[in-house]
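# Descriptive analysis of the structure
Chain by chain, the residues:
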Amino acid sequence: MAGHTENAITIAAPVDLVWDMTNDLENWPRLFSEYASCEVLSREGNRTTFRLTMHPDENGTVWSWVSERETDRPTLSVKARRVEPGPFAYMSIRWQYEEVTEGTRMVWTQDFEMKPEAPVDDAWMTDNINRNSKVQMALIRDRIEQVAAENRPAPALTD
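An account of the accompanying structure is given in this report. Keep in mind it's a predicted model, so treat the numbers as computed, not measured. (Residues numbered from 1 in each chain as written. Predicted model: local features only at pLDDT ≥ 70, side-chain atom pairs only at ≥ 80, totals over all residues. Heavy atoms only, no water.)

### Notes on the nonpolar core
Note the cut-off: Put simply, a nonpolar core is a bunch of buried Ala, Val, Leu, Ile, Met, Phe, Trp, Tyr and Cys residues held in one set by side-chain atoms that sit within 4.5 Å of each other. The cut-offs for exposure are 20% and 50% of the maximum accessible area for each residue type, with area from a 1.4 Å probe on protein chains only; residues under the lower value are buried, those over the upper are exposed, and the others partly exposed. The helix and strand labels rest on DSSP assignments: H or I over at least four residues marks a helix, E over at least two residues marks a strand, and numbering proceeds from the N terminus. What makes two residues a contact is simply this: any of their non-hydrogen atoms within 4.5 Å.
Counting residues in each nonpolar core, the largest one holds 25 residues, and the members touching the most others are Trp-28, Phe-32, Trp-95, Tyr-97 and Met-106. If you list the elements that add at least two residues to this core, you get β1 (3–11), α1 (15–22), α2 (28–31), β2 (35–44), β3 (47–54), β6 (88–100), β7 (103–114) and α3 (122–151). Here this core gets four residues from one element, more than from any other, and that element is α3. When near neighbours in sequence (up to four residues on either side) are disregarded, Trp-95 contacts Thr-22, Trp-28, Phe-32, Arg-69, Leu-76, Ser-77, Val-78, Met-106, Val-107 and Trp-108.

Right, dumping it as C-alpha cells:
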C-alpha cells in the first residue's frame, strides 16, 4: 500500500512573490518552522540538490535527508523527490501554483511508501503529513502575506 496526500492553501499575494519565496531554498528555515537548515549541494539548470535538516523531534532525534527539486516556472510547477529516502521506499512531491482571484493557490501533492522496517506505516505517515502540511502552509501563507503587505504601494493621496 502507498500513501498519497494533497493539501492546498490560497495566499493573498501575487504568484510571482509566492513562487519566489517558496522556491528560495536557502531561506526555507525562515519560511518553514520545521527546518533547522537547508544546504544547497548543487544546481544544474532548474534542478537543485539540497540537504534538509529538521529541528530535533520530541525524542531529540534530528532527521536529515537529501532531496532533488526541479522547478518549471512556465507551468508553475515543481517536482521533487528524496534522493536519500530514509524510512521511505520512495517520496515524490509536486507543488502546483495557480493564479486565482484571491491571489495564489498553492497545492502540495505527495506520493510515498514507507519501508517495511520503518517505525511507522503508510497510514500513520499520511495522517502526519496531512496534519503538518496544514500547519506549514498556514505559516507560509502568513509570512508571504506579510511581505506582500509590506511591499504594497501606499494609496495615492487625493485632495
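### Quick notes on the pattern of salt bridges
Worth spelling out the cut-off: By salt bridge we mean one thing: a side-chain nitrogen of Lys or Arg within 4 Å of a carboxyl oxygen of Asp or Glu.
All chains considered together, the criterion is met by eight salt bridges. Residue Arg-47 is joined to Glu-70 by a salt bridge in which the shortest nitrogen-to-oxygen separation is 2.7 Å. With Arg-47 in strand β3 and Glu-70 in strand β4 (residues 64–72), this pair connects stretches of sequence that are 23 residues apart. The class of Arg-47 is partly exposed, set by a relative accessible area of 36%. Overlapping salt bridges bring together Arg-47, Glu-68, Glu-70 and Arg-81 as one network.

### Some points on α3
Turn by turn, an α-helix covers 3.6 residues, leaving residues three or four places apart pointing in a common direction. Under the convention used in this document: Given a helix with a known number of residues, its expected span is that number minus one, times 1.5 Å. Throughout this description, a polar contact denotes any pair of N or O atoms lying within 3.5 Å of each other; where both atoms belong to protein, one of them has to be capable of donating a hydrogen while the other can accept it, and for residues adjacent in sequence the pair is counted only when both atoms sit in side chains.
Spanning 30 residues, α3 covers 42 Å between terminal C-alpha atoms, matching the ideal 44 Å at 1.5 Å per step. Capping of α3 at its N-terminal end is provided by Asp-121; its side-chain oxygen lies 3.3 Å from the backbone amide nitrogen of Ala-123.

### Re the environment of Ile-93
Along the chain, Ile-93 falls in strand β6. Residue Ile-93 is classed as partly exposed on the basis of its relative accessible area, which comes to 23%. For Ile-93 and Arg-69, which are 24 residues apart along the polypeptide, the C-alpha to C-alpha distance reads 8.9 Å. Filtering out sequence-adjacent residues up to four positions away, Ile-93 remains in contact with Val-78, Lys-79, Ala-80, Thr-109 and Gln-110.

On their own, these measurements won't tell you what the molecule is for.
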